[in-house]
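# Examination of the molecular architecture
Listed here are the chains, written in short residue letters.
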Amino acid sequence: MSSKPIVIMGAGPAGLTAAWELVKEGRDVVVWEADPSYVGGISRTVHANGFRFDIGGHRFFSKSTEVNEVWREIMPDDFIDCPRLSRIYYGKKFFAYPLEAVDSFLKLGPFETLRILGSYARAKLAPIRPETTFAQWVTNRFGRRLFEMFFKSYTEKVWGISCDEISADWAAQRIKGLSLRGAVLSAFRGKKASPTAKTLIRNFFYPRLGPGQMWETATKKIMAKGGRVELDRRVQTVHWDETGVTHITGTNQLGEFFQQEGSQFISSIPLKELMLSLDPPPPPEVKAAANALRYRDFITVCLVVNRANVFPDTWIYIHDPTVKVGRVQNYKNWSAAMVPDPKFTSLGLEYFCFEGDGLWTATDHDLAELAIREAEQIGLVKRALVQDAFVVRMPKAYPIYDQDYQRHVETIRAWVCQFHNLQPVGRNGMHHYNNQDHSMMTAMLAAKNIQGADFDCWRVNTEAEYHEAGESKE
Ligand SMILES: Cc1cc2nc3c(=O)[nH]c(=O)nc-3n(C[C@H](O)[C@H](O)[C@H](O)COP(=O)(O)OP(=O)(O)OC[C@H]3O[C@@H](n4cnc5c(N)ncnc54)[C@H](O)[C@@H]3O)c2cc1C
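Residues numbered from 1 in each chain as written. Predicted model: local features only at pLDDT ≥ 70, side-chain atom pairs only at ≥ 80, totals over all residues. Heavy atoms only, no water.

## Some thoughts on the overall build of the chain
Selection rule: Going along the chain from the N terminus, every DSSP run of H or I of four or more residues is numbered as a helix, and every run of E of two or more is numbered as a strand. It is over C-alpha atoms that the radius of gyration is taken, and the globule rule equals 2.2 Å times the number of residues to the power 0.38. Buried residues are those whose accessible area, probed at 1.4 Å on protein chains only, stays under 20% of the maximum for their type, while exposed residues exceed 50% and partly exposed ones sit between those limits. It only takes one pair of heavy atoms within 4.5 Å for two residues to be counted as in contact. Here, Shrake-Rupley sampling with a 1.4 Å probe gives the accessible areas, and only protein chains in the shown set may cover a residue. Under the convention used here, Asp and Glu are negative, Lys and Arg are positive, and both His and the chain ends fall outside the count. Charge positions are represented by NZ for Lys, CZ for Arg, CG for Asp and CD for Glu.
Within the chain one finds 15 helices and 20 strands. Against the compact-globule benchmark of 23 Å for 474 residues, the chain has a radius of gyration of 23 Å, which places it among compact chains. C-alpha extents for the chain along the principal axes are approximately 70 × 55 × 40 Å. Per-residue burial for the chain yields a buried fraction of 57% across its 474 residues. Look at the contacts in the chain between residues 6 or more apart in sequence, and 71% of them connect residues 24 or more apart. For the chain, the accessible surface area stands at approximately 20,000 Å², while carbon and sulfur atoms represent 53% of it. Distance between charge centroids for the chain: 8 Å, based on 57 positive and 55 negative side chains.

## Side note on the sheet that holds strand 2 (residues 29–32)
Quick note on the threshold: Pairs of strands are assigned from DSSP output, requiring at least two bridges between the strands. Between N-to-C directions, angles cover 0 to 180 degrees, with each direction set by a line fitted to C-alpha atoms, over the stretch in contact for helices.
One open sheet accounts for five strands, arranged 9-2-1-13-20; its pairing is parallel. Lying at the two open borders of the sheet, with one neighbouring strand each, are strand 9 (228–230) and strand 20 (422–424). Geometrically, the sheet is characterised by an average inter-axis angle of 15° between neighbouring strands, direction not taken into account. Pairing geometry for strand 2 and strand 9, over three bridges, is parallel. For Trp32, the partnering residue across the bridge sits in strand 9 and is Glu230. Its contacts with the sheet put helix 1 (residues 13–24) on strand 1 (6–9), strand 2, strand 9 and strand 13 (264–267), and the angle it makes with strand 1 is roughly 160°.

## With respect to the packing of helix 1 against helix 15 (residues 436–450)
The line we're drawing: Helix crossings are classified by the rotation of the near helix relative to the far one: an anticlockwise turn of less than a right angle makes the crossing left-handed, while a clockwise turn makes it right-handed. Only Asp, Glu, Lys and Arg are considered charged, only Ala, Val, Leu, Ile, Met, Phe, Trp, Tyr, Cys and Pro nonpolar, and every remaining residue, Gly among them, polar.
Interaxial distance between helix 1 and helix 15 falls to 8 Å at its minimum, and their mutual angle equals 35°. The element helix 1 and its partner helix 15 pack so that their crossing is right-handed. Taking contact as the criterion, the partners of Pro13, Ala14, Thr17, Ala18, Glu21 and Leu22 in helix 1 are, on helix 15, Gln436, Ser439, Met440, Ala443, Met444, Ala447 and Ile450. Residues that form the contact of helix 1 with helix 15 fall into these classes: nine nonpolar, three polar and one charged.

## Some points on the sheet that holds strand 16 (residues 315–318)
Read from one edge of the open sheet, seven strands run 7-6-16-17-18-15-19, paired in mixed fashion. Sheet topology places strand 7 (93–97) and strand 19 (386–399) at the edges, where each strand pairs with a single neighbour. Along the sheet, successive strands turn relative to each other by an average axial angle of 25°, direction set aside. Here four bridges tie strand 17 (residues 327–330) to strand 18 (residues 345–353), and the two strands are oriented antiparallel to one another. The residue of strand 18 that forms the bridge with Val328 is Leu349. This element, helix 5 (residues 144–159), spans strand 6 (86–90), strand 7, strand 15 (295–305), strand 16, strand 17, strand 18 and strand 19 of the sheet and lies at about 100° to strand 15.

## With respect to the pairing of strand 12 (residues 257–261)
Here five bridges tie strand 11 (residues 244–251) to strand 12, and the two strands are oriented antiparallel to one another. Within the sheet, the bridge partner assigned to His247 lies in strand 12 and is Glu261. Connecting strand 11 to the next strand, strand 12, in antiparallel fashion are five residues, including Gly255 with a positive phi near 90°.

## Regarding the site of the ligand
This is how the line gets drawn: Throughout this document, a residue counts as near a molecule or strand when at least one of its heavy atoms sits within 4 Å of that molecule or strand. Residues adjacent in sequence count toward polar contacts only when both atoms are side-chain atoms; beyond that, a polar contact is any pair of N or O atoms within 3.5 Å, and within protein one must be able to donate a hydrogen and the other to accept it. Domain start and stop positions are those given by an automatic or database domain assignment.
Around the ligand sit 33 residues, and of these Glu33, His58, Arg59, Glu273 and Asn434 come closest. Val235 is positioned such that a nitrogen or oxygen atom in its backbone is 2.9 Å from a nitrogen atom of the ligand. Taking Arg427, its main chain carries an N or O atom lying 2.9 Å from an oxygen atom of the ligand. The protein chains hide 93% of the 1,000 Å² of surface that the ligand would expose on its own. For the shell around the ligand, the domains that each give at least three residues are domain 1 (6–41 + 210–293 + 402–459) and domain 3 (295–399).

## As for the environment of Ala368
Residue placement: Ala368 occurs in helix 12 (residues 364–378). Distance in space between the C-alpha atoms of Ala368 and Cys302 is 8.1 Å, their sequence separation being 66 residues. Apart from residues no more than four positions distant in its own chain, Ala368 is found in contact with Val301 and Ala389.

Purely geometric stuff here, so don't read any function into it on its own.
Structure follows, in structure tokens:
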């Protein structure tokens, strides 16, 4: 075994899971995290004046026994069982989500309902072929009218590109298992829509103090076992030669320079950033593929409302195209401990954007004004009740699945596999739309590889059951 440590880039769920799995085996681990104060990456919990905010609302749900075991091992007793209530706001009305036949019929009226059924029948009789885009995938299964009402505007808010440019893969990954026929039949049988659809789970676990609690606890436990988790260390260059990756260098916010040698390297930093930080640089086609990867960024405007109860939902999807906000979280309905005093409610108005665009560069004051105006317009809260606002910007929240992303990821994957001691893991780390569990699973396999196993982390699939430890290369 080398005397040099194992170096992990990024202290999100993937990086910290890899570190945890390795320190448990007695391995020497160093984690570099760019953020000066938070661990947990996108799954962090931000603190402000005693209020705790989650970036997006993180459900802890996994089909993987191994992932569930890691969550329980790190935090045995501070999980709560959280029931989900979410609705869709569209056309000045709140619809049950998942859509329920009777509720939707009453709110849409007979004319609109007939229009939906007519367009569904048309889609079934003459489906669009070939089916390559998100718009085509959804239209073929739900009809054009439902696509326009309940998929198009929200999806375009999330991705910032037309549904004609989004790959059908994303729809297949996220809304597989849901069908109009199934939903209507279940409604008539008095049941809710199929819980096999990934977006529809009704109960999930949640750390009492938000998802960041899990990753803050993990950090403490890693450090208690001798691992080092170093904040304010941004990886800038990953150095390699014919022997593999040798060391990383980077800076902190003061511009001070740091260097870390290692025997093995696990990277959960965005794949694009990893490829562009390599010294010497990768071949031109790999660099071009990295440059072509795109991300969607995310702003949360947290409004502190001077009222004990505002609405019963955990979150509301805002499909209505007349406002920019995409979703509204009610953190207190996830866990009462997210507010310091039960007299208050904290709401998170979520905006999807691109780093550098008008929303991203707006001042915090202007974003708070926008959020208050839109919350009022939707009818959620009156301006006079808002007593404070905080803005959190999260770059690279979503890896974009455009028509070409798979080709680019494949070009990078094929080249990066030559390194015996560099493993990309996680969500942006592999440019894969992973939840925490799959991000963690890739990291668990990477840690096992360092211990002598031979798993292909790229084959961790968001649909695979992976009850054991993923698929071996054989
Ligand atoms: C809105 C939203 C809602 C979500 N909801 C859920 C949910 O309900 N349930 C669920 O399980 N998952 C959910 N997810 C997904 C979840 O957030 C991710 O799967 C998970 O955080 C990915 O973990 P990761 O470690 O791969 O990456 P990240 O969380 O992105 O962590 C990467 C870390 O690397 C650091 N880093 C980046 N560049 C550098 C650098 N150059 N040097 C050093 N450090 C660097 C970052 O600061 C970050 O801390 C959601 C995501 C979003 C955006």
